[in-house]
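A structural walkthrough
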Amino acid sequence: MKLNFAGLTDPGLIRSNNQDAYYIDPEGRFFIVADGMGGHAGGEQASHIAAQEIRAYLEANWHSSKSTKELLEKAFLAANQGILQDQQNHPERADMGTTAVVVVFSDSDPPLCAHVGDSRLYRYRESQLEQITEDHTWIARAIKLGHISADEARLHPYRHVLSRCLGREDLYQVDIQTLDIKVGDRLLLCSDGLTEELVAPQIKTCLDNFPILDKAAFSLVEAAKEEGGHDNITVVLVVVEADS
């Protein structure tokens with residue numbers, strides 16, 4: 001499976017710092033997006049700890065006998081522990097936390113996605129856009145139960161309330177799923193700075209119009225900024241190409 005990829009992050013138009021973090025493995029083995037919270041310094045620290053710990057664990061254990069699913073579970077738990085340790089060392093950051101979404105391509109297992117929080121993974125296939133992950137938020141559960149509509153949710157005051165994130169003692173579960181991937185698919189990992197500003201048809205239009213990944217990433221970020229850019233915006237794009 002041959003991959004091409006690109007990533008871009010932007011502070012947006014309102015915030016002075018960037019509490020998002022992302023990492024693209026140069027070999028295309030894994031991709032990480034994290035979106036921190038907990039104040040000016042705390043959110044930035046939490047997202048960077050998460051990206052660094054997940055990266056470090058995957059790199060150190062890539063050739064171990066562990067399955068890809070086990071690698072992802074342990075990488076997320078290592079990230080959670082790293083944030084908890086930093087909270088203890090720096091009480092002023094005790095309320096910090098972060099979302100994370102990670103995609104892994106391994107030679108031994110099918111592609112997998114793991115996530116905690118509301119950073120998302122989308123799959124763009126044959127000009128159709130599908131959200132693959134399910135947000136760990138109060139509002140997502142309310143929509144699923146039929147208590148509120150998706151349109152109402154976009155303006156709801158509780159739309160940012162997470163039900164799960166890294167940086168909590170009670171993190172017991174990481175959602176991990178096998179990905180259905182075929183040649184020509186594009187994957188989009190993103191922070192909610194993108195999805196708070198753009199609805200799915202707008203995201204799809206950017207992907208329709210810009211087949212080159214660098215240009216597509218730039219188009220997505222700029223479109224989010226044109227809609228207000230109220231939060232940091234991070235996108236990572238991965239395309240599955242035919243083996244040459």
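For clarity, every value in this text was computed on a predicted model and none was experimentally measured.

**Examining the environment of D175**
Tracing the chain through its elements places D175 in strand β8 (residues 175-178). Classification of D175 as partly exposed rests on a relative accessible area of 23%. For the pair D175 and T133, spaced 42 residues apart in sequence, the C-alpha to C-alpha distance is 8.6 Å. Apart from the residues within four sequence positions on either side, D175 is in contact with C113, A114, H115, H136 and R164. At 2.8 Å, the side chain of D175 and the side chain of H136 are in polar contact. In this structure the side chain of D175 is engaged in a polar contact, spanning 3.0 Å, whose partner is the side chain of R164.

**A closer look at the sheet that holds strand β5 (residues 112-116)**
Reading across from one edge, β2-β3-β4-β5-β8 is the order of the 5 strands in this open sheet, with antiparallel pairing throughout. Edge positions in the open sheet fall to β2 (20-24) and β8, since each of these has one partner strand only. The average angle at which neighbouring strand axes cross in this sheet is 10°, direction not considered. Sheet strands in contact with helix α2 (residues 68-89) are β4 (97-104), β5 and β8, and its direction is about 25° off that of β5.

**With respect to unusual backbone geometry**
One non-glycine residue, E126, lies in the positive phi region at around 50°. When you line up the elements, E126 lands in the loop between β6 (120-125) and β7 (128-131). Since its relative accessible area comes to 64%, E126 is described here as exposed. Notably, S127 is not glycine yet its phi reads approximately 65°, a positive angle. With respect to the element layout, S127 can be found in the loop between β6 and β7. Under the relative-accessibility criterion, S127 is labelled partly exposed at 28%.

**Overview of α2**
With 22 residues, α2 should reach 32 Å at 1.5 Å per residue; the first-to-last C-alpha distance of 31 Å fits that figure. Considered for burial, the residues of α2 that qualify are T68, L71, L72, A75, F76, A79, N80, G82, I83, L84, D86 and Q87.

**Side note on helix α6 (residues 200-209)**
I203, C206 and L207 are the residues of α6 that are buried. Viewed end-on, α6 has its buried residues packed into an arc of 95°, placing them on one side of the element. The secondary structure elements touched by the buried residues of α6 are β6, β7, β9 (186-190), α5 (192-195), α7 (213-226) and β10 (233-241).

**Side note on the nonpolar core**
Considering soluble globular proteins, one finds that nonpolar side chains tend to be buried as a cluster. Counting residues in hydrophobic clusters, the biggest one holds 29 residues, and the most contacted among them are I54, F76 and L166. When residues of this core are traced back to their parent elements, those giving at least two are β2, β3 (30-37), α1 (39-61), α2, β4 and β5. Each residue touching F76, except ones within four places of it in the same chain, is listed here: I54, A100, V102, A114, H115, V116, L166 and V174. Counting residues in each nonpolar core, the second largest holds 21 residues, with A6, A223, A224 and V239 among its members.

How each quantity is defined
Residues numbered from 1 in each chain as written. Predicted model: local features only at pLDDT ≥ 70, side-chain atom pairs only at ≥ 80, totals over all residues. Heavy atoms only, no water. Helix = DSSP H or I, 4+ residues; strand = E, 2+ residues; numbered from the N terminus. Buried < 20%, exposed > 50% of the residue type's maximum accessible area, 1.4 Å probe, protein only. Contact = heavy atoms within 4.5 Å. Polar contact = N/O pair within 3.5 Å; in protein donor to acceptor, adjacent residues only side chain to side chain. Pairing = 2+ DSSP bridges. Axes fitted to C-alpha atoms, helices over the stretch in contact; angles between N-to-C directions. Expected span 1.5 Å × (residues − 1). Arc of directions from axis to C-beta. Core = buried A, V, L, I, M, F, W, Y, C linked by side-chain atoms within 4.5 Å.

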